[in-house]
Amino acid sequence: MKKKRKTPLVQRIIQRIFPVLEAVSPSLAGKWATKLFFTPFRFKPPQPEEQRAADARWTRLQVNEDEIQIYQWGPKMLLLPY
């Protein structure tokens, strides 16, 4: 039987606060939604994902002022901001 994942606390807080903020200040809610959409959450990866990352070949790529971490498993690749 699979263990049910709990919704992270931050996500639950956002789900409760956002409708209230949207009713009080739609423009502020829109700005906040945009920021949330374009900002990834940082969290500790589950054990299987850590193992896959350990099995990958990886390198970093400089793009303008940003660095991108590239993980590769054969023809499959994952690109992440560094």
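Rules of the game
Residues numbered from 1 in each chain as written. Predicted model: local features only at pLDDT ≥ 70, side-chain atom pairs only at ≥ 80, totals over all residues. Heavy atoms only, no water. Salt bridge = Lys/Arg side-chain N within 4 Å of Asp/Glu carboxyl O. Phe/Tyr/Trp six-rings, centres within 6.5 Å; stacked < 30°, edge-to-face > 60°. Helix = DSSP H or I, 4+ residues; strand = E, 2+ residues; numbered from the N terminus.

Enquirer: Would you mind going over the pattern of salt bridges with me for this structure?
Expert: Between side chains of opposite charge, a pair can form when the charged atoms approach closely. Counted according to the given criterion, the structure contains two salt bridges. Residues Lys44 and Glu50 are paired through a salt bridge, measuring 2.9 Å at the closest nitrogen-oxygen approach. A salt bridge links Arg60 to Glu67; the shortest N-O distance between them is 4.0 Å.

Enquirer: Any chance you could explain the packing of aromatic side chains here in plain terms?
Expert: Geometry of an aromatic ring pair is reported as the spacing of the ring centres plus the angle between the planes. Tallied over the full model, the rule gives three aromatic pairs. Seen in terms of ring centroids, Phe18 and Trp32 are 5.8 Å apart; in terms of plane orientation they differ by 35°. Their pairing is tilted. With Phe18 in helix α1 (residues 9–24) and Trp32 in helix α2 (residues 26–38), this residue pair connects regions lying 14 residues apart in the sequence. A centroid spacing of 5.0 Å and a plane angle of 85° characterise the contact between Phe37 and Phe38, whose relative ring orientation is edge-to-face.

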